[in-house]
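Results of the structural survey
Take a look at the letters that make up each chain.
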Number of protein chains: 2
Amino acid sequence: MNKRIVEIDLGTRSVRVQDAPQDLLRLGGRALTSTLIHRETDPLCHPLSADNLLVIAPGLLAGTGLSSANRLSAGAKSPLTGGIKESNSGGTAAFKLARLGIQALKIRGAARRGACVGLHVSRESVRIEDLGFAAGLGTYAAADALRARFGRQVGLILAGPAGEMRMSTACLNVTDPQGEPCRNLGRGGLGAVAGAKGLKAVIIDDSGAEFQPFDLPATKELMKRFATALKEHPVTGEKFPKYGTAMTVMNVNKLGGLPTRNFSAGSFEGAESLSGETLYQTISSRGGEYAHGCMPGCVIRCSNKYVDAQGRPLVGSLDFETIGLLGANLGIGELDQVAELNKLCNDLGVDSMETGVALGVLAEAGVFRFGDFPRVRALIEEIGQGTPLGRLIGSGSVACGRAYGVTRVPAVKGQGMAAYDPRAIKGMGLTYALSPMGADHTAGNAITLAVDPMDPRVQLEPVRDLHLKYTLMDSLGLCIFTGRVSLANPELIEQAVRAVTGWQASFAELLELGKEVLRREREFNRSAGFTAAHDRLPEFMLREALPPNNGVFDVPQADLDRFYDFET
Amino acid sequence: MNKRIVEIDLGTRSVRVQDAPQDLLRLGGRALTSTLIHRETDPLCHPLSADNLLVIAPGLLAGTGLSSANRLSAGAKSPLTGGIKESNSGGTAAFKLARLGIQALKIRGAARRGACVGLHVSRESVRIEDLGFAAGLGTYAAADALRARFGRQVGLILAGPAGEMRMSTACLNVTDPQGEPCRNLGRGGLGAVAGAKGLKAVIIDDSGAEFQPFDLPATKELMKRFATALKEHPVTGEKFPKYGTAMTVMNVNKLGGLPTRNFSAGSFEGAESLSGETLYQTISSRGGEYAHGCMPGCVIRCSNKYVDAQGRPLVGSLDFETIGLLGANLGIGELDQVAELNKLCNDLGVDSMETGVALGVLAEAGVFRFGDFPRVRALIEEIGQGTPLGRLIGSGSVACGRAYGVTRVPAVKGQGMAAYDPRAIKGMGLTYALSPMGADHTAGNAITLAVDPMDPRVQLEPVRDLHLKYTLMDSLGLCIFTGRVSLANPELIEQAVRAVTGWQASFAELLELGKEVLRREREFNRSAGFTAAHDRLPEFMLREALPPNNGVFDVPQADLDRFYDFET
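Residues numbered from 1 in each chain as written. Chains lettered and ligands numbered in written order. Predicted model: local features only at pLDDT ≥ 70, side-chain atom pairs only at ≥ 80, totals over all residues. Heavy atoms only, no water.

1. As for the overall build of chain A
Our working rule: A run of DSSP states H or I qualifies as a helix once it reaches four residues; a run of E qualifies as a strand once it reaches two. Both are numbered from the N-terminal end. Using a 1.4 Å probe on the protein chains alone, a residue whose accessible area is under 20% of its type maximum counts as buried, one over 50% counts as exposed, and one in between counts as partly exposed. Under the convention used here, a 1.4 Å probe and the Shrake-Rupley method define accessible areas, while residue burial counts only the protein chains that appear. When charges are counted, Lys and Arg contribute as positive and Asp and Glu as negative, whereas His and the chain ends are disregarded. Charge positions are represented by NZ for Lys, CZ for Arg, CG for Asp and CD for Glu.
Broken down by element type, chain A carries 22 helices and 17 strands. Taken along its principal axes, the extent of the C-alpha atoms in chain A is 60 × 50 × 50 Å. Looking at chain A residue by residue over its 568 residues, the buried ones come to 68%. Just so you have it, chain A exposes about 17,800 Å², and 48% of that area is on carbon and sulfur atoms. Computing the positive centroid from 61 side-chain charges and the negative centroid from 61, chain A places the two 3 Å apart.

So this is what it looks like as structure tokens:
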């Protein structure tokens, strides 16, 4: 089956399906979204203009049962950062798109103002559907309505009310195997790009489709071998399934890097009650689900279905970054409360991470008191109501800092940081500063490095190495949580690429692809107006010591400036 | 009398008065503010941090009765643009500072959070005063309170509530000869820089002081000659005194460049009722004052004291940019209404121009209907109340556009445009795009050029020439409205510089100073992260034709990129 690229213009309502050109065949996920945006999008266009190309692409390995290899990428010029953006997630969409032979959806143009449309993708056709009935619906209700209309088996990519209102922190939600719209293309406002186009949903019906890997027997053999290796590793085989990503809470808290009350401390007195252990005990005692897989075939199963005290579903999945940023960072120490806020964010289609950072800034400004859960919930509800304050929160942490005159805004390139304070985990500071995407931890999750996190002199080389590897993984659609196994045994990655696609590449060659993608992203950003001045952490983190370790971010500026030495 | 530079640290409450060093002696106004900021301010500092140096400097020629030569500059890293900012105004402050022999006030540090302090400058001393009694007061009440405390004769530079709340569009107000705080260092948020330092006011008492020009007889002779020349010119001698800057309304409307309803049209059906003629008739029939001088010695006297139907003072002075942006741009066609809004902005200490642009964006977003005066007034009042929407408006047009997902935001480098649409007056588009300050018309007021405003090919050279000349005038403290006389007879400028300061410079040498200042400003901006991508107009102005002329901004990009050829 040839891979196909679908070009959609929502303005002219045209759909063109084409075989993928030769020069794009080896690109998937982030490599493909970033390459297409680099080629086709005017770096000076307004992110909410009809010209901003929205690209949705499954990872290169997607479509098989290979564990943790069915991630979906979406990319565009970001309304939040003004630079290039790729965001990726689990869920079923990448698997289904790959089974349909679709390498990418390229969406441009905009439906007439006020229209609400969807893109229906099946074996028979790709067509534009009017979805007036779903306009304004939260993602949970929208998912129900769309399944009622298009069938229970469809996979969905959804914009929520925040996206429809074109807020810079709106995400796209992807449904998981149970159909819950909780796997988010979270960061950078891609939901607003969709919303500005009038695009409410992509509906993927893969009935009757089948994915044909290049070498089926080799793929099957590798699936088993990879699954076994992941299950045998103590982290991917035991800790992740049991505690989920929340296993990180106590670790980061111990390192003094858990953002607490707008990044004013690095350890939180309520950390224990937010921990992976507490999460596990709570879920298991209430009859929720841990060891849940967010995508087909995953054996790590770090996801969960969090339930309330009565055992009723609250949100799936409750994860570390949200726990850190809507929890500790707001002085909230109850998982039930964080879960409720997370569900609200998911339903509105707004990035729970950026929301946490933005609210932290507002608490510092005195808009509410840290720890005031009812007020936090009401403020997030205001996002959905589109009140001025809700729109301000939906504009992100930097906008909130500007409106309230707050200088302590933990953001880079306009995007709020993840739940690791870079003054305690300095490699993460490099990642935040240097990723073309803004302060994304997933660009190079330095918490996994075997170096002293407080030593400013030992971060550069290993973090750069991580950036290349993660860029590759984002392109393959391979979850970064496999890293302890896949990156430790790169022949597994080589074999997977060969078995699934036929491309016989050495790992070194594959990393060159990562380099090339980063080069393209950086070039786009330069044309959009980014310079080394944007590859910096905010001033206060260079000056203000973070308790309890009392570190500042002191990685030499020269290290920041030679991070991308490979560009030249 | 030696010129002195006063260094103030509001954090340590230290004041150091020093003779101006040799290498700064020929710098005044913008040349001095920009040079000091270029030398001493970290381009990556947060604009609201204690490190952001706020420089206040009278123009080089200030202190004498030379007409229109007593303008005051203030500069800092801008909270609105993130780049270097110089803003200048009339009023009495520059005259008084110069008489006190003060070349610049360099203000850094910040008073403790919540404190409200002032800087009292007199022949005896420069000292920091606690001004708790003035905290939170509007600029009119604050001016009264400060005069009651420090004497009726003082000149004032004031931050209003918007500055105290650290809003990015807060201005600094300078009192005019009658003590009204209506001459604004308007653009770029310098009031927020002051507010972040806890600085409410600079109080200037020049009792007993006298300015000694280098050559008193020559200065006196020149004063007369310059005044005569200004009076004899039909624009500076007749039109400006009678109609004020509002004389521009009908001209710009006729050119199809009067921003109407968020820059969606270039002519306004209510233009006539906003015109200079209407202004003159209204003021004169009600017993207000036209031909008012905003600063000591000015013979142009383009300022006015606008009064209501009962003859009670409403605002002084009602000027073109405000009429365009709070009037036509919001669909408001009544001078009385614009005057009321202007007064409100002055009292809050917020830039009336940026407020007009921001409100235009909000009207486009549907927050209110164009022309709804009571709602506009209520929204400006919200700035003072610090409501979320008020703070958003106080954050400027770009922030409003982001929060409400509006792509039509007429701004460059984060700052809203003046009241000339660059699709009809294309030279102004060059000025907006290329000024290091953002979309300032005063960087090169292209409306004065004798070229076809719609011809994209003839703008570059004359606009560049204007930028150099205006940078010089901003440094001399010479009002740009003298241009028709002073720039037409540059020997007058040479003679003024020699008579007042002793510097025997040719006009060509003086223009080199303008170049050097622009170079320094551009270098600061580059270090702060600005590139050619920021020297562009917003996308919609390149695409969307502006009625009635139906022009787009089509000055070639290559022209934009070679504007600063002299840099290399």
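Right, picking up where we left off after that structure.
2. Here's the deal with helix H15 (residues 397–404) of chain B
Heads up, the condition is: Should any heavy atoms of two residues lie within 4.5 Å, those residues are considered in contact.
With six of its eight residues buried, H15(B) lies for the most part within the structure. Along H15(B), the residues classified as buried are B:Ser397, B:Ala399, B:Cys400, B:Gly401, B:Ala403 and B:Tyr404. The elements touched by buried residues of H15(B) are helix H14 (388–394) of chain A together with helix H12 (352–364), helix H14 (388–394), strand E16 (411–412) and strand E17 (415–416) of chain B. Count one or two residues on from H15(B) and you reach B:Gly405, which has phi positive near 65°.

3. Here we look at the relation of the copies chain A and chain B
Look at the two chain copies: a rotation about an axis and a shift along it is all it takes to match them. Heads up, the rule is: Each copy is superposed on the other by least squares, with the fit set by C-alpha atoms of residues at a pLDDT of at least 70 in both.
In screw terms, the move from chain A to chain B is a rotation of 180° and a rise of 0.0 Å along the axis, fitting with an RMSD of 0.0 Å. In short, the pair behaves as if placed about a two-fold rotation axis. Identified as the residue of chain A closest to the rotation axis by C-alpha distance is A:Pro388, at 3.0 Å. A symmetric contact is evident, with 100% of the interface residues of chain A recurring at the interface of chain B.

4. Quick look at the nonpolar core
Under the convention used in this document: Buried residues of nine kinds, namely Ala, Val, Leu, Ile, Met, Phe, Trp, Tyr and Cys, make up a nonpolar core once their side-chain atoms join them within 4.5 Å.
Judged by nonpolar contacts, the single largest core of 372 residues is most densely connected at A:Leu105 and B:Leu105. With residues up to four places along the chain from it excluded, the contact list for B:Leu105 reads B:Val6, B:Ile8, B:Leu54, B:Val55, B:Ile56, B:Leu97, B:Leu119, B:Val121 and B:Val202.

5. Topic: the interface of chain A and chain B
What counts here: Accessible surface is computed with a 1.4 Å probe, and the buried area is the amount of it that two parts give up when combined, taken over both parts together. Just to be clear on terms, a salt bridge is a Lys or Arg side-chain nitrogen sitting within 4 Å of an Asp or Glu carboxyl oxygen.
Each partner contributes residues to the interface: chain A has 31 residues there, and chain B has 31 residues. Roughly 2,700 Å² is buried in total at the junction of chain A and chain B, and carbon and sulfur atoms are behind 50% of that figure. Of all residues in chain A, the largest losses of buried area upon contact with chain B belong to A:Arg402, A:Tyr404 and A:Glu539, amounting jointly to 22% of the total for that side. Remark: the boundary between chain A and chain B carries two salt bridges. A salt bridge links B:Asp51 to A:Arg543, with the shortest nitrogen-to-oxygen separation between them at 2.5 Å. Residue assignment for the side of chain A that touches chain B shows that the elements contributing at least two residues are H14, helix H15 (397–404) and helix H20 (507–528) of chain A.

6. Some details on the packing of aromatic side chains
Note the cut-off: Centres within 6.5 Å are what make two rings of Phe, Tyr or Trp a pair, Trp counting through its six-membered ring; a difference in plane orientation under 30 degrees is then read as stacked, over 60 as edge-to-face, and the rest as tilted.
Scanning the entire structure with this criterion turns up 12 aromatic pairs over all chains. Ring plane angle 50° and centroid distance 5.2 Å describe the contact between B:Phe320 and B:Tyr420, whose orientation is recorded as tilted. With B:Phe320 in helix H10 (residues 320–327) and B:Tyr420 in the loop between E17 and helix H16 (426–434), the pair connects residues that are 100 residues apart, well separated along the chain. The same class applies to B:Phe320 as to B:Tyr420, namely buried. Taken together, A:Tyr243, A:Tyr280 and A:Tyr290 form an aromatic cluster joined through their ring pairs.

7. Regarding the sheet that holds strand E7 (residues 117–121) of chain A
All names here are of chain A. The condition that has to hold: In this analysis, strands are considered paired if DSSP registers two or more bridges between them. The axes are straight lines fitted to the C-alpha atoms, using for helices just the contacting stretch, and the angles between their N-to-C directions are given from 0 to 180°.
As summarised here, the arrangement of the six strands in space is E8-E7-E12-E9-E10-E11, forming an open sheet in which the pairing is mixed. Bordering the open sheet on either side are strand E8 (126–130) and strand E11 (183–185), each of which pairs with just one other strand. Shown here is a sheet whose adjacent strand axes are inclined to one another by a mean of 20°, direction ignored. Bridge count for E7 against E8 is five bridges, and the pairing is antiparallel.

8. Section: the pairing of strand E6 (residues 102–108) of chain A
Residue and element names in this part refer to chain A. Counted residue by residue, E6 has six buried out of seven residues, so it is predominantly covered. Of the strand pairs in this sheet, strand E1 (residues 4–9) and E6 are connected by six bridges, and their pairing is parallel. Paired with valine 6 across the bridge in E6 is leucine 105.

9. Some points on H20(A)
Residue and element names in this part refer to chain A. Heads up, the rule is: Every helix has an expected span of 1.5 Å times one less than the residues it contains.
When the terminal C-alpha atoms of H20 are compared, their 32 Å separation across 22 residues agrees well with the 32 Å that a helix rising 1.5 Å per residue should span. Of all the residues in H20, the buried ones are Phe507, Leu510, Leu511, Leu513, Gly514, Val517, Leu518, Glu521, Arg522, Phe524, Asn525 and Ala528. At its buried positions, H20 is contacted by helix H1 (29–40), strand E4 (72–77), strand E5 (84–89), helix H17 (460–476) and helix H19 (490–501). Directly after H20, the chain includes glycine 529, whose backbone phi takes a positive value near 110°.

10. Focus: the confidence of the model for chain A
Convention followed: Think of pLDDT as the predictor's per-residue confidence, scored from 0 to 100.
Per-residue confidence for chain A gives a mean pLDDT of 97, with 100% of residues at or over 70. In the predicted complex, the global pTM is 0.97; the interface-specific ipTM is 0.96.

11. As for the side chain of B:Lys200
All names here are of chain B. Heads up, the rule is: Think of a polar contact as two N or O atoms within 3.5 Å of one another; within protein, one of them needs to be a possible hydrogen donor and the other a possible acceptor, and neighboring residues in sequence only count if both atoms come from side chains.
Mapped onto the secondary structure, lysine 200 falls in strand E12 (residues 199–204). For lysine 200, a relative accessible area of 1% translates into the label buried. Within the structure, lysine 200 has its side chain in polar contact with the backbone oxygen of leucine 137 (distance 2.7 Å).

12. Description of the environment of B:Thr278
All names here are of chain B. Its place among the elements puts threonine 278 in helix H9 (residues 276–286). For threonine 278, a relative accessible area of 21% gives the class partly exposed. In sequence terms threonine 278 and aspartate 559 are 281 residues apart; their C-alpha atoms lie 39 Å from each other. Those residues in contact with threonine 278 that sit more than four places away from it in its chain are Glu272, Ser273 and Leu335. Among the polar contacts listed, one links the side chain of threonine 278 to the backbone oxygen of glutamate 272, at a separation of 2.6 Å.

13. So, the environment of A:Gly333
Residue and element names in this part refer to chain A. Take glycine 333: it is sitting in the loop between helix H10 (320–327) and helix H11 (335–348). It is 4.9 Å that separates the C-alpha atoms of glycine 333 and glycine 270, two residues lying 63 residues apart in sequence. Every residue in contact with glycine 333, bar those within four places of it in the chain, is listed here: Phe268, Gly270, Ser273 and Leu274.

14. Some remarks on the sheet that holds strand E15 (residues 313–315) of chain B
Either a parallel or an antiparallel arrangement is found when strands of a sheet pair, and the pairing is made through backbone hydrogen bonds. Residues and elements named next belong to chain B. Ordered in space as E13-E14-E15, the three strands form an open sheet in which the pairing is antiparallel. On the outer flanks of this sheet lie strand E13 (289–292) and E15, each paired with one strand and no other. Each strand axis lies, on average, 35° off the axis of its neighbour in the sheet, ignoring direction. Across two bridges, the pairing between strand E14 (residues 303–307) and E15 is antiparallel. In the strand pairing of E15, valine 307 is matched with proline 313. The strands touched by helix H11 (residues 335–348) are E14 and E15; relative to E15, the strand with the most contacts, the crossing angle is about 75°.

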